[in-house]
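A look at the structure
Residues per chain, in single letters:
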Amino acid sequence: MSKNSILEVKNLNVSFHSRGQQVKAVRGVDLQVYPGEILGIVGESGSGKSVTMKAVMGILPENAKIQADKMDFEGRELLSLRPDEYRKIRGKELTMIFQDPMTALNPLKKIGKHLEEVIMRHSKCSKAEAWNKGVEMLRLVGIPMPEERMKQYPHEFSGGMRQRVLIAMALSCEPSLLIADEPTTALDVTIQAQILDLLVEMKEKYNTSIVLITHDMGVVANVCNRIAIMYGGLIMECGTTDEIFYSPKHPYTKALLRSIPRLDLEEGERLQSIPGLPPSLVNPPAGCPFAQRCQQATELCHTLLPEYKQFSPSHKAMCFACEGQEGGAGK
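Residues numbered from 1 in each chain as written. Predicted model: local features only at pLDDT ≥ 70, side-chain atom pairs only at ≥ 80, totals over all residues. Heavy atoms only, no water.

This part covers the pairing of strand E5 (residues 70-73). Here four bridges tie strand E1 (residues 7-18) to E5, and the two strands are oriented antiparallel to one another. Bridging across to E5, leucine 7 finds its partner in phenylalanine 73. In the sheet, E5 pairs with strand E6 (residues 76-77) via two bridges, with the strands oriented antiparallel. Residue pairing across strands places aspartate 72 opposite glutamate 77, the latter belonging to E6. What sits between the antiparallel neighbours E5 and E6 is a turn of two residues, in which glutamate 74 has the positive phi angle 50°. (Pairing = 2+ DSSP bridges. Helix = DSSP H or I, 4+ residues; strand = E, 2+ residues; numbered from the N terminus.)

As structure tokens, this is what we get:
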């Protein structure tokens, strides 16, 4: 894997102003995505994972305030781009699949129209060429009879088929980076596996880097090269998939792993849940955001935010209880 990242984010902070309050959704995130890899971002609802990547896409609402030391995509500083410059790369080099395939497509437009519009917006081609490219993309993502399907409306497709259409649209301009935001949430388990396999297949075909946002540790286990664990607007731990699953360091990561259903559970043995609730991001805690729910927490954890400890060039965790070499990107 190349050491040169295609996306580098440093000290990203995102807050929302609403009803006289400030919600600090992301609080100093560092993130790198490398060519040809799948990075999984895992966390509970409200942890900041989707907001982080929507900030990269430049699609947050007007009441969002974004600050970062760096947000570099293929040598371009995203925060300094004009709106028209951002639009040129969004959808062409930088694309996103949203989590609900039932509502992501316009019910009044045929599938062919959706694909045509995306392809023609970012490619110098005729309507006929865009149509043919759309048919080719539907065939690539495993939709049978693509010529006929191009003439149908979204309601004539199942949820899994709609998700395949969204993947076809996202990949039609061969982007460098694809962000998949909970792409399997609304689908049944069998279709989930097919969609994940399709993402891996498309990554291999186009050498597209993928950021896979999910709350499900089981989803990232088989498809991701690296995993970032988010909680309370911060990245708690980041490492290769093997490092996260076989050598987890942060108590939150360990708690997530304990909550995954396993085949070796004894009869009557219950899955371990994580007691408590995520912290309020209106007044986030001064210390570690997981301290209130952590069995290892000390007084220091409640009052001071830990620095990252580095365990390998690819593995770091933000925790006082972890034993590792001090350093890395401490906050």
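Let's pick the thread back up.
Attention shifts here to unusual backbone geometry. The phi dihedral of asparagine 11 is positive, around 50°, even though this residue is not glycine. If you trace the backbone, asparagine 11 turns up in strand E1. For asparagine 207, which is not glycine, the phi dihedral falls at a positive 55°. Among the secondary structure elements, asparagine 207 is positioned in the loop between helix H7 (189-206) and strand E9 (209-214).

Moving on to the packing of aromatic side chains. All told, the structure shown has three aromatic pairs when counted by the stated rule. Look at tyrosine 231 and phenylalanine 290: their rings are 5.4 Å apart centre to centre, the planes differ by 90°, and that puts the pair in the edge-to-face class. One end of the pair, tyrosine 231, is in strand E10 (residues 226-231); the other, phenylalanine 290, is in the loop between helix H10 (251-258) and helix H11 (299-303), with 59 residues separating them in the sequence. Considered together, tyrosine 231 and phenylalanine 290 belong to a single accessibility category, that of buried residues. Consider the rings of tyrosine 252 and phenylalanine 290, whose centres lie 5.1 Å apart with planes at 55°: the pair is tilted. Within this pair, whereas tyrosine 252 is found in helix H10, its partner phenylalanine 290 is found in the loop between H10 and H11, the two being separated by 38 residues in sequence. Each member of the pair, tyrosine 252 as well as phenylalanine 290, carries the same accessibility label: buried. Among the aromatic residues, those joined into a cluster by ring pairs are Tyr231, Tyr252 and Phe290. Its end group placed over the ring of tyrosine 206, lysine 205 keeps NZ or CZ at 5.9 Å from the ring centre. Directly above the ring of tyrosine 308 sits lysine 316, whose terminal nitrogen or CZ lies 4.3 Å from the centroid. (Phe/Tyr/Trp six-rings, centres within 6.5 Å; stacked < 30°, edge-to-face > 60°. Buried < 20%, exposed > 50% of the residue type's maximum accessible area, 1.4 Å probe, protein only. Lys NZ or Arg CZ within 6 Å of the ring centre and 35° of its normal.)

If you trace the backbone, lysine 151 turns up in the loop between helix H5 (146-149) and helix H6 (159-171). Overall, the relative accessible area of 46% leaves lysine 151 in the partly exposed class. In this structure, the C-alpha to C-alpha distance between lysine 151 and lysine 113, residues 38 residues apart in sequence, is 8.4 Å. Ignoring any residue separated from it by four or fewer positions in sequence, one finds lysine 151 in contact with Lys110 and Trp131. (Contact = heavy atoms within 4.5 Å.)

Quick look at the packing of helix H3 (residues 111-122) against helix H4 (residues 127-140) now. For the pair H3 and H4, interaxial distance at closest approach is 8 Å and the crossing angle is 115°. Between H3 and H4, the interaxial angle falls into the category roughly perpendicular. The chirality of how H3 crosses H4 is right-handed. Residues Ile111, Gly112, Leu115, Glu116, Ile119 and Met120 of H3 form the contact with H4, whose own contacting residues are Lys127, Ala130, Trp131, Lys133, Gly134 and Leu138. (Axes fitted to C-alpha atoms, helices over the stretch in contact; angles between N-to-C directions. Parallel < 35°, antiparallel > 145°, perpendicular 65-115°, else oblique. Left-handed = near helix turned anticlockwise from the far one by under 90°.)

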